[in-house]
Amino acid sequence: MTLATFWLYLGAVGLISCTPGPNVLYVTTRSIRFGFGAAMIGMSGCLLALLLMLIASVAGVSAFMLAVPAAFTALKYAGAAYLIFLGIQTWRAPVVAPETAAAPRETESALTLFRGGFLCGISNPKLLVFAAAFFPQFIAPSAPWAPQFALLVATFLAVETFFYAIYALTSRRFAGRLMQATWQQRVNRVSGVIFMGFGGVLLRYRP
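What counts and how
Residues numbered from 1 in each chain as written. Predicted model: local features only at pLDDT ≥ 70, side-chain atom pairs only at ≥ 80, totals over all residues. Heavy atoms only, no water. Helix = DSSP H or I, 4+ residues; strand = E, 2+ residues; numbered from the N terminus. Buried < 20%, exposed > 50% of the residue type's maximum accessible area, 1.4 Å probe, protein only. Contact = heavy atoms within 4.5 Å. Areas by Shrake-Rupley, 256 points an atom, 1.4 Å probe, with all protein chains shown as cover. Phe/Tyr/Trp six-rings, centres within 6.5 Å; stacked < 30°, edge-to-face > 60°. Expected span 1.5 Å × (residues − 1). Core = buried A, V, L, I, M, F, W, Y, C linked by side-chain atoms within 4.5 Å. Axes fitted to C-alpha atoms, helices over the stretch in contact; angles between N-to-C directions. Parallel < 35°, antiparallel > 145°, perpendicular 65-115°, else oblique. Left-handed = near helix turned anticlockwise from the far one by under 90°. pLDDT = per-residue confidence, 0-100.

Looking at the overall build of the protein chain
Moving on, step 1. Secondary structure summary: the protein chain contains 8 helices and 0 strands in total.
Moving on, step 2. In the protein chain, the order of α-helices and β-strands from amino to carboxyl end is α-α-α-α-α-α-α-α.
Moving on, step 3. Within the protein chain, the fraction of its 207 residues that count as buried is 44%.
Moving on, step 4. Contacts in the protein chain between residues at least 24 apart in sequence constitute 89% of all its contacts with a sequence separation of at least 6.
Moving on, step 5. With the model as given, the accessible surface of the protein chain reaches about 10400 Å², and the carbon-plus-sulfur share is 71%.

Below you can see the structure in the form of structure tokens.
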């Protein structure tokens, strides 16, 4: 993987990670209800689920490419097409009612917070398909795959952690507005355009 490819990947992951999704909403609402420390415990559960899902996806993609080397290009085109499809779905996604508004802090056990974050993350099987579509776009087939996949997964987790923390820190001030129906719709449409545009770019991109 070249440095230019990595920077392109980092920018793409940043755009994806800053888009509110189930995990971000979970961390945000934990911060609103229970405080920043509780949000970090919930975030740990989300990240563990994310790590397991990414490893499972990478293992499946690697096995497939090793078994059918000629399918690498087909997988790239299929992945780009999926990202465009995901963009259309995101554009049309319904808004989700906020779980709670900013209110006096409550309490909840660390185990419950962690388990809730893990279940929130692991219950999104679409991540498997997304990772399978996303990662191969940045893999150089002529270089060893394992180090490249490891770098991609580690970067993804680091960027996700950064944005989880940002949302948790700012949630008391901004989350109420961000989770309003109007703002959710705007975020969905901007995210949809990003996914569709990124898929279009990747149809022509070569690592």
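From this point, the narrative continues.
Some words on the packing of aromatic side chains
Any aromatic ring pair is given by two values, namely how distant the centres are and how the planes are angled relative to each other.
Moving on, step 1. On inspection of all chains with the given rule, the structure shows 3 aromatic pairs.
Moving on, step 2. For the pair Phe-6 and Trp-7, a centre-to-centre distance of 6.1 Å together with 65° between the ring planes defines the contact as edge-to-face.
Moving on, step 3. You can call Phe-6 buried: its relative accessible area is 18%.
Moving on, step 4. Take Trp-7: its relative accessible area is 52%, and that puts it in the exposed class.
Moving on, step 5. Taken together, a centroid distance of 5.2 Å and an interplanar angle of 80° make the contact between Phe-162 and Phe-163 edge-to-face.
Moving on, step 6. Looking at Phe-163, the relative accessible area reads 18%, which means it is buried.

Notes on helix H1 (residues 3–17)
Moving on, step 1. An ideal rise of 1.5 Å per residue puts 21 Å on 15 residues; H1 measures up with 21 Å between its terminal C-alpha atoms.
Moving on, step 2. Taken residue by residue, H1 has Thr-5, Phe-6, Tyr-9, Ala-12, Val-13, Gly-14, Ile-16 and Ser-17 as its buried positions.

Quick look at the nonpolar core
Moving on, step 1. Tyr-9, Leu-54, Phe-134, Phe-135 and Phe-156 are the most contacted members of the largest nonpolar core, which has 38 residues in total.
Moving on, step 2. Secondary structure elements with two or more residues in this core: H1, helix H2 (22–34), helix H3 (36–67), helix H5 (110–122), helix H6 (126–134) and helix H7 (145–178).
Moving on, step 3. If one sorts the elements of this core by residue count, H7 sits on top with 11 residues.
Moving on, step 4. Contact partners of Leu-54, with chain neighbours within four places excluded, come to Leu-127, Ala-131, Phe-135, Val-153, Phe-156 and Leu-157.

Thoughts on the packing of H2 against H5
Moving on, step 1. Direction vectors running N to C along H2 and H5 enclose 160°, while the axes themselves pass 9 Å from each other. Between H2 and H5, the angle falls in the class roughly antiparallel. For the element pair H2 and H5, the recorded crossing hand is right-handed. Packed against H2, whose contacting residues are Pro-22, Asn-23, Tyr-26, Arg-30 and Phe-34, the element H5 presents Thr-112, Leu-113, Gly-116, Gly-117, Cys-120 and Gly-121 at the interface.

Overview of the environment of Ser-44
Moving on, step 1. Here Ser-44 is to be found in helix H3.
Moving on, step 2. Judged by its relative accessible area of 34%, Ser-44 is partly exposed.
Moving on, step 3. Separated by 74 residues in sequence, Ser-44 and Phe-118 place their C-alpha atoms 7.8 Å apart.

What about H2?
Moving on, step 1. Between its terminal C-alpha atoms H2 stretches 18 Å, which fits the 18 Å expected from 13 residues at 1.5 Å a residue.
Moving on, step 2. Across the 13 residues of H2, 11 count as buried, placing the element largely inside the fold.
Moving on, step 3. Those residues of H2 lying buried are Asn-23, Val-24, Tyr-26, Val-27, Thr-28, Thr-29, Arg-30, Ser-31, Ile-32, Arg-33 and Phe-34.
Moving on, step 4. One or two steps after H2, the chain reaches Gly-35, where phi turns positive at roughly 105°.

With respect to the confidence of the model for the protein chain
Moving on, step 1. Per-residue confidence for the protein chain gives a mean pLDDT of 75, with 68% of residues at or over 70.
Moving on, step 2. For the stretch residues 100–104, pLDDT sits under 50, and the model shows 9 contacts to residues farther than four places along the chain or on other chains.

Some thoughts on the environment of Thr-112
Moving on, step 1. Summarising the element assignment, Thr-112 is placed in helix H5.
Moving on, step 2. Overall, Thr-112 belongs to the partly exposed group, its relative accessible area being 27%.

Description of the environment of Leu-157
Moving on, step 1. Within the element layout of this structure, Leu-157 appears in helix H7.
Moving on, step 2. Between the C-alpha atom of Leu-157 and that of Val-13, which follows or precedes it by 144 residues, the distance is 9.6 Å.
Moving on, step 3. Beyond its immediate stretch of four places on either side in the chain, Leu-157 contacts Leu-47, Leu-50, Leu-51 and Leu-54.

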